[in-house]
Amino acid sequence: NTSDVPEIIPITLTVRPFVGLEYNPSFFTQNMSPQQEVSQILEIVNSGSDGTSLYYDLEVAPQADWLELSHQHGECEANETSEINLTFDSASLTDGTYYTEIFISNNAHAGEVFIIPITLVVESFGQIGGHVVNEMGEVIHDATVSAGNQSVITDETGAYLMTLPHGTYNVV
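What counts, and at which threshold
- Residues numbered from 1 in each chain as written.
- Predicted model: local features only at pLDDT ≥ 70, side-chain atom pairs only at ≥ 80, totals over all residues.
- Heavy atoms only, no water.
- Helix = DSSP H or I, 4+ residues; strand = E, 2+ residues; numbered from the N terminus.
- Buried < 20%, exposed > 50% of the residue type's maximum accessible area, 1.4 Å probe, protein only.
- pLDDT = per-residue confidence, 0-100.
- Pairing = 2+ DSSP bridges.
- Axes fitted to C-alpha atoms, helices over the stretch in contact; angles between N-to-C directions.
- Phe/Tyr/Trp six-rings, centres within 6.5 Å; stacked < 30°, edge-to-face > 60°.

A. Summary view of unusual backbone geometry. A cis amide bond, omega 0°, links Asn-24 with the succeeding residue Pro-25. If you trace the backbone, Pro-25 turns up in the loop between strand E1 (21-24) and strand E2 (28-32). Between Ala-61 and Pro-62 the backbone carries a cis peptide bond, its omega angle lying at -5°. Note that Pro-62 resides in the loop between strand E4 (53-61) and strand E5 (67-69). You will see that Gln-35, though not glycine, has its phi angle at about 60°, which is positive. As for its placement among the helices and strands, Gln-35 is situated in the loop between E2 and strand E3 (37-46). Relative accessible area serves as the criterion here: at 62%, Gln-35 is assigned to the exposed category. Of note in the backbone geometry, Asn-79 takes a positive phi value of approximately 60° without being a glycine.

B. Molecular detail of the confidence of the model for the chain. Taken residue by residue, the chain gives an average pLDDT of 92. The fraction at 70 or more is 99%. Per-element confidence in the chain is highest for E5, whose mean pLDDT is 98, and lowest for strand E10 (residues 125-131), whose mean pLDDT is 88.

C. Here's a closer look at the sheet that holds E4. Reading across from one edge, E2-E9-E8-E4-E6 is the order of the five strands in this open sheet, with mixed pairing throughout. Either end of the sheet is taken by a strand with one partner, and the two such strands are E2 and strand E6 (73-77). Pairwise comparison of adjacent strand axes, ignoring direction, gives a mean angle of 25° for this sheet. With nine bridges joining them, strand E8 (residues 96-106) and strand E9 (residues 114-122) adopt antiparallel strand pairing. Within E9, the position partnered with Tyr-99 by the bridge is Thr-119.

D. Region of the structure containing the packing of aromatic side chains. What the rule picks out here adds up to three aromatic pairs. Plain terms: the ring middles of Trp-66 and Phe-88 are 6.3 Å apart, the flat faces sit at 20° to each other, and that makes the pair stacked. With Trp-66 in the loop between E4 and E5 and Phe-88 in strand E7 (residues 81-89), the pair connects residues that are 22 residues apart, well separated along the chain. Overall, Trp-66 belongs to the buried group, its relative accessible area being 7%. Residue Phe-88 is classed as buried on the basis of its relative accessible area of 0%.

Here's what the structure looks like:
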């Protein structure tokens, strides 16, 4: 059209529902003693439009015998939360730091895979304790006893008890 009259062109716009994925927390760090079992919760949320469904799959890689997921597949409707129980089990582990990741594949965000880092620290602990007395054998209460980076106050009988990682300490 060569005239200065604006031309109206019809346009059709289709808005598709949005499926959103959020997860919490974004990482896990668990400290524990050997022969212990501890659980934590991973939340997966469909933050998308009403009427949408979020489908997800979870994979632990590298495989970690010390980490168990309550389920590895799920579905959330819009504004719903799915809870996955993560069980950390140090029964077969020695002291040390262990790593793995949870990969979340899904039908949201153009199929982007989300990664949650997982760290497990296993550390043995022991207890030291005793009574504080003076040269005449009299009990000293409210005395400060220190070992490593910990301090405790003796009770009315002069007793103290501390839980520390295995090691050698000077008690003062």
